Amino acid sequence: MTDFFAMGGYAAFVWPSYALAALVLLGLLIASLKGLREAEATVKALESVRPARRRAQSAAKRSAAQPETDSAPDLPGKASEG
Amino acid sequence: MHRFANPARFLRLSTLLLPWSAGATVVLLIVGLYLSLFGSPPDYQQGDTVRIMYIHVPAAWMSLFVYTNMAAAAAAGLVWKHPLADLFAKAAAPIGAGFTLVCLVTGSLWGAPMWGTWWVWDARLTSVLILFFLYLGYMALVNAFDDPQRGTRAGNVLLLVGIVNVPIIKFSVDWWNTLHQPSSVIKMGGPSIDSSMLIPLLVMAGAFTSYFIAVVILRLRTEIAHRKIQTLRFSVAGDGATG
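Chain B appears in an unreviewed UniProt entry as Heme exporter protein C from Azospirillum cavernae. Recorded under Sequence similarities (unreviewed entry), the UniProt text for chain B is reproduced unchanged: "Belongs to the CcmC/CycZ/HelC family."

Under the annotation held in an unreviewed UniProt entry, chain A carries the name Heme exporter protein D and is attributed to Azospirillum cavernae. The annotation that UniProt attaches to chain A under Sequence similarities (unreviewed entry) is "Belongs to the CcmD/CycX/HelD family." Recorded in UniProt under Function (unreviewed entry), the annotation for chain A is "Required for the export of heme to the periplasm for the biogenesis of c-type cytochromes."

Following this line, the structure appears as structure tokens:
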């Protein structure tokens, strides 16, 4: 086992090579997963602000298609924050 | 190709592809690491430093493979205004840069004991260093614009100009005198490397490729989400202005 770790005297060159590859590949993977999670959270947060208006829009479209039942739905969806 | 231009279709395809590529990466990495550290013999001249090859050479292949794919995507993005093509290049760039960095540093770690020097300014090493800077330059350029569309367009042009470097890297060992050895795997007349070393090399290359596929899918999904965030922000801001 010590023989194996000694790498025929080249341990100082072989192991850092493998370690660097592991570091770069793992680092990229973790950063990519984190970025994806953050982006998806932002999409969800923004969509929770939005759907009120989208519903209102499609309702408006529907009432335009089959005109006037009674009062048009009022538009909520006022975004108080960006 | 245009069938994949639709982000919704891509997302469905990627959901299918992601577990397979992630699983393949894990399996191939385990087999590849076993073969390259235990299952292959030391070189008769280079001793155990030859084990650096199983990282160095696949990383070098990937650095060229990823760049070539990015340049092809850049062409598709410029010609057909293919929205996913732009995003692909942007998503792949950090992975390609990572592989290039691994290639350069492991090359140095291999060169120090075998050549007696960490670095020489010869054709192969210098052209790979330029490739690394092309990756970094692309990443900086794409993010340097307020309008992401303009950023990707500028980046695409850089990628297409930089493609001349790819054949230069490939043939640098044949065209110029260099410390770097010529190709022993991808060459006329078949590989001149023994199968006990060729197999671990190919398995590691397979692992790196499936790793790239898995991570580029993750990053592409992130880019698509960012585009969505942009349009959502825009429309929320529009609500605030008109509503």
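Next up on the list: the overall build of chain A. The helix and strand tally for chain A stands at 3 helices and 0 strands. Ordered by position in the sequence, the α and β elements of chain A form the string α-α-α. For chain A, with 82 residues in total, the buried portion stands at 26%. Of the roughly 5700 Å² of accessible surface on chain A, 61% is carried by carbon and sulfur atoms.

The next thing to look at is the interface of chain A and chain B. Across the contact, 34 residues belong to chain A and 41 residues belong to chain B. At the boundary of chain A with chain B, total buried surface from both sides reaches about 3300 Å², with 77% on carbon and sulfur atoms. Looking at the side of chain A facing chain B, the largest losses of area belong to Phe 13, Tyr 18 and Leu 25 of chain A, adding up to 20% of the total buried there. Where chain A packs against chain B, one counts 1 salt bridge. Here Lys 228 of chain B makes a salt bridge to Glu 47 of chain A, at a shortest N to O gap of 3.4 Å. Taken together, the links from chain A to chain B amount to 5 residue pairs in polar contact (both at pLDDT 80 or more). Only helix H2 (11–49) and helix H3 (51–65) of chain A provide two or more residues apiece to the side of chain A that touches chain B. For the side of chain A that touches chain B, the element with the most residues is H2 of chain A, which contributes 22 residues. Residues of the side of chain A that touches chain B, tallied by class, amount to 21 nonpolar, 7 polar and 6 charged.

Let us look at the confidence of the model for chain A. All names here are of chain A. With 60% of its residues at a pLDDT of 70 or more, chain A shows a mean pLDDT of 76. Mean pLDDT in chain A bottoms out at H3, which sits at 60, and peaks at H2, which reaches 94. Contacts of residues 68–82 to residues separated by more than four positions or lying in other chains number 14 contacts, the stretch itself having pLDDT below 50.

Moving on, we get to the environment of Ser 36 of chain B. By the element assignment, Ser 36 of chain B lies in helix H1 (residues 7–39). With 168 residues separating them in the primary sequence, Ser 36 of chain B and Met 204 of chain B have C-alpha atoms 8.4 Å apart. In contact with Ser 36 of chain B, other than residues within four places in its own chain, are Tyr 18 of chain A together with Arg 51, Tyr 54, Pro 200 and Met 204 of chain B. In terms of polar contacts, Ser 36 of chain B uses its side chain to reach the backbone carbonyl oxygen of Gly 32 of chain B, at 2.6 Å.

In this section: the side chain of Glu 223 of chain B. Relative to the assigned elements, Glu 223 of chain B resides in helix H7 (residues 195–242). Given a relative accessible area of 14%, Glu 223 of chain B falls into the buried group.

Let's shift gears to the packing of H2 of chain A against helix H3 (residues 83–115) of chain B. Interaxial distance between H2 of chain A and H3 of chain B falls to 9 Å at its minimum, and their mutual angle equals 175 degrees. By the angle between their directions, the pair H2 of chain A and H3 of chain B is classed as roughly antiparallel. Across the interface between the two elements, Ala 12, Phe 13, Pro 16, Ser 17, Leu 20, Ala 21, Val 24, Leu 25 and Leu 28 of chain A from H2 of chain A touch Pro 94, Ile 95, Gly 98, Phe 99, Leu 101, Val 102, Val 105, Thr 106, Leu 109, Ala 112 and Pro 113 of chain B from H3 of chain B. Partitioned by chemical class, the residues of the contact of H2 of chain A with H3 of chain B number 17 nonpolar, 3 polar and no charged.

Quick look at H1 of chain B now. Maximum bend of H1 of chain B: about 30 degrees, positioned at Leu 17 of chain B, with proline Pro 19 of chain B one to four residues after it. Of the residues making up H1 of chain B, those classed as buried are Phe 10, Ser 14, Ser 21, Thr 25, Gly 32, Ser 36 and Leu 37 of chain B.

This part is about the UniProt feature "transmembrane region" (unreviewed entry) in chain B. Residues and elements named next belong to chain B. When the UniProt feature table is mapped to this numbering, "transmembrane region" (unreviewed entry) covers residues 16–39, 59–80, 92–113, 125–145, 157–177 and 197–218. End C-alpha atoms of residues 125–145 are separated by 32 Å, and the span's content is 86% helix alongside 0% strand. In residues 197–218, the share of helix is 100% and the share of strand is 0%. The end C-alpha atoms are 32 Å apart.

On to the nonpolar core. In this structure, Met 53, Met 70, Phe 99 and Phe 212 of chain B are the most contacted members of the largest nonpolar core, which totals 70 residues. In this view, Met 70 of chain B contacts Phe 88, Ala 89, Ala 92, Ala 93, Tyr 135, Tyr 138 and Leu 159 of chain B; residues no more than four positions away in its chain are not counted. Among the nonpolar cores identified, the runner-up in size contains 7 residues, and Val 43 and Leu 46 of chain A together with Leu 232 and Val 236 of chain B belong to it.

Criteria and thresholds
- Residues numbered from 1 in each chain as written.
- Chains lettered and ligands numbered in written order.
- Predicted model: local features only at pLDDT ≥ 70, side-chain atom pairs only at ≥ 80, totals over all residues.
- Heavy atoms only, no water.
- UniProt positions renumbered as here; feature names shortened; annotations may be inferred.
- Helix = DSSP H or I, 4+ residues; strand = E, 2+ residues; numbered from the N terminus.
- Buried < 20%, exposed > 50% of the residue type's maximum accessible area, 1.4 Å probe, protein only.
- Areas by Shrake-Rupley, 256 points an atom, 1.4 Å probe, with all protein chains shown as cover.
- Contact = heavy atoms within 4.5 Å.
- Buried area = accessible area lost by both parts, 1.4 Å probe.
- Salt bridge = Lys/Arg side-chain N within 4 Å of Asp/Glu carboxyl O.
- Polar contact = N/O pair within 3.5 Å; in protein donor to acceptor, adjacent residues only side chain to side chain.
- Nonpolar A, V, L, I, M, F, W, Y, C, P; charged D, E, K, R; others polar.
- pLDDT = per-residue confidence, 0-100.
- Axes fitted to C-alpha atoms, helices over the stretch in contact; angles between N-to-C directions.
- Parallel < 35°, antiparallel > 145°, perpendicular 65-115°, else oblique.
- Bend = angle between axes of the 7 residues up to and from the residue.
- Core = buried A, V, L, I, M, F, W, Y, C linked by side-chain atoms within 4.5 Å.

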